[in-house]
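# Observations on the three-dimensional arrangement
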Amino acid sequence: MIYKPQYFSIRELICPHAVEKFGEFAWSFLDDRAVMLLDIIRRKIDKPITVNNYETGGEFSQRGFRCNQCQLVRDKTSAGIVYCSPHLRGIAFDFDVAGMHAEEVRQWLIAHKDLLPMPIRLEKDVNWVHLDIAPVITSKKITMINP
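Residues numbered from 1 in each chain as written. Predicted model: local features only at pLDDT ≥ 70, side-chain atom pairs only at ≥ 80, totals over all residues. Heavy atoms only, no water.

### Let's talk about the pattern of salt bridges
Inspection of every chain in the model, using the stated rule, returns six salt bridges. One salt bridge connects glutamate 103 with arginine 106, and the closest N-O pair in it is separated by 3.0 Å. Separated by three residues within a single helix, glutamate 103 and arginine 106 lie in helix α5 (residues 102-111), roughly one turn from each other. Look at glutamate 103 and you get partly exposed, because its relative accessible area is 38%. Among the ionic pairs, arginine 121 bridges to aspartate 132, the shortest N-O distance being 2.7 Å. With arginine 121 in strand β3 (residues 120-123) and aspartate 132 in strand β4 (residues 129-132), this residue pair connects regions lying eleven residues apart in the sequence. In this structure aspartate 132 comes out as buried when scored by relative accessible area, which is 0%. (Salt bridge = Lys/Arg side-chain N within 4 Å of Asp/Glu carboxyl O. Helix = DSSP H or I, 4+ residues; strand = E, 2+ residues; numbered from the N terminus. Buried < 20%, exposed > 50% of the residue type's maximum accessible area, 1.4 Å probe, protein only.)

Structural data, given as structure tokens:
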């Protein structure tokens, strides 16, 4: 059974190309653990979280699952760059939290790491929050990665 989140719609988490082509089946492109984790964070931080907002006329469409038609992926492929982002595997989200700067959110996650059911990776030194559940070679709950 596919986990459907309490706080997010399919268009908020999956690029428009995949939603248009696959509809509700596109939920299967996301790892349930990553979606559950995002729901937990949203519930505990108690503030709106924005991943994609293209459905409401916003500029974000590639901050959750990305397919091969997403511009960022196409640009990397055209340039001959090997691109193996966790976004392509449905285990990563870039997001903003209403009323908080990205660094505040990262610090909140670090302070509340015991709420997280699995280890996560956070990208540092960017003005959004990148969170993924890609495997790490450490026992730490949170691993900081470079952009």
